[in-house]
Amino acid sequence: MGVIITPAMVGQVVISGLLAGALYSMVALGLALIFGVMRVINVAHGTILMLGAYTTFWWFQLLGINPYLSLLLSMPLMFLLGVFLQRSMVHRVVDAPELSSLLLTFGISIALVNVTQYAFSSDVRSVEFLTGSFLVGPLALSKSRLISFAFAVGLTLFAFWFLQKTKLGKAIRATSQSREVAMVCGVNVQRIHLYAFGMASALAAAGGSLVAVIVAIQPEMGQVYTFKSFLVIVLGGAGNYPGALLGGMLLGLVEQLSSLFLTTQVSEAVAYVLLVLVLLLRPTGLFGGRST
Amino acid sequence: MKRAFIAALGVLLVALALYPITATGYGIRFMLQLFMWVALAQSWNLISGLTGYVSFGHVAFFGTGAYATGILVATHGWHWMPASLMGGVAGAILALIIGYPCLRLKGPYFAISMLGLNEVMRVLVSYFEGLTGGGSGLSLPALHASVPIYYATGLAAVAVTATAFLIITSRFGLRLMTIREDEVAAEAMGIDTARYKLYAFLLSAFVPGVVGGLQARDQGYIEPMAVFPLLTTITMIVMALFGGKGTVWGPALGAVTLFVFQELVWARFLYLHQVLFGAIIIVVVLLMPRGILGILQQRYQLPRTI
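1. Overview of the overall build of chain A
- When helices and strands are tallied, chain A shows 11 helices and 2 strands.
- For chain A, the N- to C-terminal ordering of α and β elements is α-α-α-α-β-β-α-α-α-α-α-α-α.
- By the compact-globule yardstick of 19 Å for 292 residues, chain A fits well, its C-alpha radius of gyration being 19 Å.
- Burial statistics for chain A: of 292 residues in total, 53% are counted as buried.
- The long-range fraction of contacts in chain A, counting pairs at least 24 apart against all pairs at least 6 apart in sequence, stands at 76%.

2. Some thoughts on the overall build of chain B
- Counting secondary structure elements, chain B contains 15 helices and 2 strands.
- The principal-axis extents of the C-alpha atoms in chain B amount to approximately 50 × 45 × 40 Å.
- When each of the 306 residues of chain B is scored for burial, the buried share is 50%.

3. Here we look at the interface of chain B and chain A
- On the side of chain A, 34 residues touch chain B, which itself brings 35 residues to the contact.
- Per-element tally for the side of chain B that touches chain A: the top contributor is helix 5 (residues 108-127) of chain B, with 12 residues.

4. What about the nonpolar core?
Residues and elements named next belong to chain A.
- Residues Ala196 and Leu203 are the most contacted members of the largest nonpolar core, which totals 194 residues.
- For this core, the leading source of residues is helix 1 (residues 7-38), giving 17 residues.
- Once residues lying within four places of it in the same chain are set aside, the contact partners of Leu203 are Met26, Val27, Leu29, Gly30, Leu155 and Ala159.

5. Comments concerning the pairing of strand 1 (residues 133-136) of chain A
- Note: strand 1 of chain A against strand 2 (residues 139-142) of chain A, 4 bridges, orientation antiparallel. Within strand 2 of chain A, the residue paired with A:Val136 across the bridge is A:Leu139.

6. Overview of the packing of helix 5 (residues 143-165) of chain A against helix 8 (residues 189-214) of chain A
Residue and element names in this part refer to chain A.
- Relative orientation of the contacting elements helix 5 and helix 8 amounts to 170 degrees, with a least axis distance of 9 Å. With respect to helix 8, the element helix 5 is oriented roughly antiparallel. The segment helix 5 lies against helix 8, with Ser144, Arg145, Ser148, Phe151, Ala152, Leu155 and Ala159 engaging Leu203, Ala206, Leu210, Val213 and Ile214.
- Within the contact of helix 5 with helix 8, the residues separate by chemical class into 9 nonpolar, 2 polar and 1 charged.

7. Remarks on the confidence of the model for chain A
- In the predicted model, chain A carries a mean pLDDT of 87, and 96% of its residues have values of at least 70.
- Within chain A, helix 3 (residues 71-88) of chain A carries the highest mean pLDDT (95), whereas helix 11 (residues 264-281) of chain A carries the lowest (76).

8. Considering the confidence of the model for chain B
- Of the residues in chain B, 99% reach a pLDDT of 70 or more, and the chain-wide mean stands at 89.
- For this predicted complex, the interface score ipTM comes out at 0.88, while the overall pTM is 0.90.

9. Digging into the environment of B:Ile292
- Here B:Ile292 shows up in helix 15 (residues 291-299).
- In sequence terms B:Ile292 and B:Lys245 are 47 residues apart; their C-alpha atoms lie 9.4 Å from each other.

10. Notes on helix 6 (residues 167-177) of chain A
All names here are of chain A.
- Those residues of helix 6 that fall on the buried side of the exposure criterion are Ala171, Ile172, Thr175 and Ser176. Axial view of helix 6: buried residues confined to an arc of 135 degrees, hence all on one face.
- Next to the buried residues of helix 6 lie helix 1, helix 5, helix 7 (179-184) and helix 8.

11. Examining the packing of helix 4 (residues 98-120) of chain A against helix 14 (residues 273-287) of chain B
- Where helix 4 of chain A contacts helix 14 of chain B, the two axes come as close as 8 Å, and the packing angle between them is 160 degrees. Judged on the interaxial angle alone, helix 14 of chain B and helix 4 of chain A are roughly antiparallel. Crossing handedness for the pair helix 4 of chain A and helix 14 of chain B: left-handed. Listed contacts from helix 14 of chain B to A:Ser100, A:Leu103, A:Leu104, A:Phe106, A:Gly107, A:Ile108, A:Ile110, A:Ala111, A:Asn114 and A:Val115 of helix 4 of chain A are B:Gln274, B:Val275, B:Phe277, B:Gly278, B:Ala279, B:Ile281, B:Ile282, B:Val285 and B:Leu286.
- Taken together, the residues of the contact of helix 4 of chain A with helix 14 of chain B break down into 14 nonpolar, 5 polar and no charged.

12. Overview of the environment of A:Leu80
- Examined against the element boundaries, A:Leu80 turns out to sit in helix 3.
- When the C-alpha positions of A:Leu80 and A:Met199 are compared, they lie 9.2 Å apart, and in sequence the two are 119 residues distant.

Thresholds, definitions, all that
Residues numbered from 1 in each chain as written. Chains lettered and ligands numbered in written order. Predicted model: local features only at pLDDT ≥ 70, side-chain atom pairs only at ≥ 80, totals over all residues. Helix = DSSP H or I, 4+ residues; strand = E, 2+ residues; numbered from the N terminus. Rg over C-alpha atoms; globule rule 2.2 N^0.38 Å. Buried ≥ 20, exposed ≤ 12 C-beta atoms within 10 Å, placed from the backbone. Contact = placed C-beta atoms within 7 Å. Core = buried A, V, L, I, M, F, W, Y, C linked by C-beta atoms within 7 Å. Pairing = 2+ DSSP bridges. Axes fitted to C-alpha atoms, helices over the stretch in contact; angles between N-to-C directions. Parallel < 35°, antiparallel > 145°, perpendicular 65-115°, else oblique. Nonpolar A, V, L, I, M, F, W, Y, C, P; charged D, E, K, R; others polar. pLDDT = per-residue confidence, 0-100. Arc of directions from axis to C-beta. Left-handed = near helix turned anticlockwise from the far one by under 90°.

Have a look at this one:
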C-alpha cells in the first residue's frame, strides 16, 4: 500500500463513519417503515430527501434564519407530500407484485426530480452556514456533521419512542407484523399506511435538511440516498426497525473504512458487494429478523 | 387470420430490409435505435415477463457488452461483428456469475440485488482504467458502418422476438410461466426451477450484451455513466409492460409505440419530457398493468401465445 495508517487516522475514520451512519440510519428507518408496513420499495425516498434539502436551501436563502430551524418546515411539508402520494397513487399498488411499486415510485421520482430541475435549475447549490471543525486531540470533527449527527440521533430516538410507546406507533408495528391480524384488532390499516408513508417522508426530509448544511445539493442527489437506504435495510433486515439503525451505522463505517484502504469509487462498490453477500448468506439481515 | 398475419410480417421484414436503399442518415439512425429498444424490451421480457423475477439492473448486461466489444475493437483490433457477439457472451457470463446465487432470492430482494449489480459494474468499469479508460471513456477507431449495424441490430431484434415465440410456445416457456404463477407449486411438480430460471436469465442477458456492443460500435465512444444508466433499465421495462409483458409481441409493440412517441412528441418538450415519462410510467402501472395485448387478450378471444 505504501500508506502508513496511524491510530489517529483510524479513529478519525471510525468517527466519520458513525457521524455519517446516524444520518443513514434515520433516512433508512423511513424506507424500512414503508417496506415493513406495506411491502413497497419506495424508489422515491431519496427524491423526497432532495426536496427536504431544497426546502432548507430556500429557507436559508430567502429568510436567512438558522437552517436547522427549517426542519420545522421541511418535515411537515414532506409528511404532507408523503400522505398525498400514498393517498393518490401508492395505495393502489400495495398488494401488487413488486414490479408495480418499483416502477410507480420510480415514475413519481423522475417526475419530481424533473420538476425540481425545471423550477430551480440543475445548478449545484449550498447552504453556507457552519464551516470548520472542532479539534479534539488529533481528531478534526466537522461542526456541521456533528450537529447533524445530534439531530439524527435525536429524531431517530424520538421515532423509536413513538413506535414503541404511542398507540399509533403500536398500530404501525402491529400492521407491519401482520396486516390481517391488525385489521381484526380494529386497526384502520389504510390510515396506518398513510401515516407510515408520511412519517417516512418526514424522516427523509429531515435527512435532506441536514445534508443540505453539510454538502452541496442538486436535484439528482436523491438516488444515492435511495440506494444507500436499500443497503441499510438489507443489512439490518427488511422490516426490522432496530436493524435499520445498526445497518446505517455499519454502512457508514464500512464506507469510511474502505475509503481508507481503497479509492472512494471502489469503496462504493464494497458496499454493494456487501449487499449481495448479505442477501445471499443472511437474507433476513445481519441482525436477524423475519424473512419474507 | 393467422396466414394474413404471417404475410404482413413477411412484407414488413422485406420493407425493413430494403429500407436502407432509400433512407436518409437520420432514418437509418432512427430505425437502428428502434431495433435496439425492441431487442432490449424483448430481452427483459424473457426473464422478468416469463418468470416474474424483476431484473431491475438489466442495463448491466448492455453496459458489459458495450465494454467487452469496445475493448476488443479498440485494443485488440477485432472486427465489430465477432466483437459484438463476444459482448453477448460477456453479458451471459456475467449473468451466470450473478444469476447462480441471486436467482435464489425472492421478490424485491432479487430486484435490489440486480440494482446493486449495475452499480458494482459501473464502479468496476470506472476503476480499471488501464483496460476501460476509466471515467474518461473509451474511444473506438472511426468507422462509418451505420447500414451494416442497422442490419445487425435489426437481426438481433428479430432473433430475440423469434426466440420469445419459440420459448413461449414450448414446454420450456410453460415451465417458466409456472414459476411465475407459483414457484413452490412448480417445484412440487418436479420442475428444476433453479435450472430453468438460470437458462432464461442467460438468454435474456446475451441479447443486451450484443446490442450494447453494436451501440458501442455505432456511437464510437462509451463511458461508464452513458452505458449503465438506471433509466435505460426502466425504459425497457416500461416498454415491455406497455405492450404486455409475458407475451411474444407485447414488448415489440411497446418499444415501437413508446419510441416513436418519444421521438415525435417528447422532443418538443425539452425541459419537461421526464415529467411526461414519469406520468406515462404512473399511468401504465396504475391503469394498464397488463399492457395493450393483455387488455386485448381479456376482451377478445386471442391466442395465449400472441
